[in-house]
Amino acid sequence: ERGERGGGLVEVGAGAGQTILDGEGAAAVVFLENNAAILGCTVRNGQVGIRSQNGFVGVFECAVSGTVREGIRVEGGSACLVDNDLACGAEATGVVCAGSNPFLNRNVIRNNKVGVRIQGPLVPVVQDNVFQSNETAVVVQDGSSVELTGNVFDGNGTAILGQELAAGNEIRAAMPEELLPAGGV
């Protein structure tokens, strides 16, 4: 791992584009332990951008790009992922929820092979996000499920696999103001 952020630590950057954490190909650019958070950073150039395991973490107002496999991986535990821009790469997955139940809100998830992948028995909440130009926006596998509400699906090859798209989500062109997360990433 390139940089560990221990329990109770909050990494606050000057803003995405200003504070850049470049993994230079590391397995994970940032590893967040329980009760840690990262805010206002650009995270790029790793196998995985941000990874957490068996804890509760927060990722706010970050831009994640140039990852080989995954932008954010939440494995066990939970997380709040809010106001992020996840353009991880044509062969990457934006967010992997592996046996975890994170809350994803107001993120722009674009230009990935898969926007969000759900694995395991817990039920993540994915609310008010924009999925744009992903090969597949949401993949629900392994008998998993996800609560999708208020999301916009714009120009994805496939909106969702493994579960029906619930009412209250829209397949339409995103408005320009919807393509900038609320945090101004």
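Residues numbered from 1 in each chain as written. Predicted model: local features only at pLDDT ≥ 70, side-chain atom pairs only at ≥ 80, totals over all residues. Heavy atoms only, no water.

Asker: Please explain the overall build of the protein as it appears in this structure.
Answerer: Along the backbone of the protein there are zero helices and 19 strands. In terms of overall size, the protein behaves like a compact globule, its C-alpha atoms giving a radius of gyration of 15 Å where 185 residues would be expected to give roughly 16 Å. In terms of its C-alpha atoms, the protein occupies a principal-axis envelope of roughly 40 × 35 × 25 Å. Within the protein, buried positions represent 52% of all 185 residues. By element, 48% of the accessible surface of the protein is carried by carbon and sulfur atoms, the whole surface being about 7,400 Å². Looking at the protein, you have 11 positive and 21 negative side-chain charges, and the mean spots of the two groups are 5 Å apart. (Helix = DSSP H or I, 4+ residues; strand = E, 2+ residues; numbered from the N terminus. Rg over C-alpha atoms; globule rule 2.2 N^0.38 Å. Buried < 20%, exposed > 50% of the residue type's maximum accessible area, 1.4 Å probe, protein only. Areas by Shrake-Rupley, 256 points an atom, 1.4 Å probe, with all protein chains shown as cover. Lys, Arg positive; Asp, Glu negative; His and termini not counted. Charge placed at Lys NZ, Arg CZ, Asp CG, Glu CD.)

Asker: When you look at the pairing of strand β12 (residues 112–119) in this model, what are you seeing that I'm missing?
Answerer: Each regular strand shows side chains that alternate between the opposite faces of the sheet. For β12, the tally of buried residues reaches six of eight residues, placing the bulk of the element in the interior. In this structure, strand β9 (residues 89–98) lies alongside β12, joined through six bridges in parallel fashion. In the sheet register, valine 95 faces β12, and the bridge partner there is valine 116. As paired strands, β12 and strand β15 (residues 136–140) are joined by four bridges and run parallel to one another. By the bridge assignment, arginine 117 is partnered in β15 with valine 139. (Pairing = 2+ DSSP bridges.)

Asker: Before we go on, may I ask you to explain the nonpolar core in this structure?
Answerer: One broad rule of soluble globular proteins: the nonpolar side chains tend to lie buried together. In this structure, Ile38, Ile50, Ile72 and Val138 are the most contacted members of the largest nonpolar core, which totals 36 residues. Mapped by element, the contributors of at least two residues to this core are β3 (20–32), β4 (36–39), β5 (42–60), β7 (70–82), β9, β12, β15 and β18 (158–161). (Core = buried A, V, L, I, M, F, W, Y, C linked by side-chain atoms within 4.5 Å.)

Asker: Is there a simple way to think about the packing of aromatic side chains in this case?
Answerer: Each aromatic ring pair is characterised by the separation of its centres together with the angle its planes make. Taken as a whole and judged by the stated rule, the model has one aromatic pair. Each ring, one from phenylalanine 131 and one from phenylalanine 153, has its centre 5.0 Å from the other, and the planes form 5°; the classification is stacked. Placement of phenylalanine 131 in strand β14 (residues 130–132) and of phenylalanine 153 in strand β17 (residues 152–154) is noted, with a sequence separation of 22 residues between them. Here phenylalanine 131 matches phenylalanine 153 in class, with each residue buried. (Phe/Tyr/Trp six-rings, centres within 6.5 Å; stacked < 30°, edge-to-face > 60°.)

Asker: In this structure, what is going on with the side chain of threonine 67? I would like to understand it.
Answerer: Tracing the backbone shows threonine 67 in the loop between β6 (63–65) and β7. Engagement of the side chain of threonine 67 in a polar contact is seen with the backbone oxygen of glutamate 70, the distance being 3.5 Å. Excluding residues within four positions of it along the chain, threonine 67 makes contact with Gly46, Gln47, Val48, Gly49, Cys88 and Ala92. (Polar contact = N/O pair within 3.5 Å; in protein donor to acceptor, adjacent residues only side chain to side chain. Contact = heavy atoms within 4.5 Å.)

Asker: Quick question: what am I supposed to make of the pattern of salt bridges here?
Answerer: Between side chains of opposite charge, pairing is possible as soon as their charged atoms come close. On inspection of all chains with the given rule, the structure shows nine salt bridges. The residue glutamate 75 makes a salt bridge to arginine 51 at a minimum N-O spacing of 3.4 Å. Taken as a pair, glutamate 75 in strand β7 and arginine 51 in strand β5 lie far apart in primary sequence, 24 residues in all. With a shortest N-O distance of 3.0 Å, arginine 73 and glutamate 70 are connected by a salt bridge. In this pair, the class of arginine 73 matches that of glutamate 70, namely buried. Because the salt bridges share partners, they merge into one network encompassing Arg51, Glu70, Arg73 and Glu75. (Salt bridge = Lys/Arg side-chain N within 4 Å of Asp/Glu carboxyl O.)

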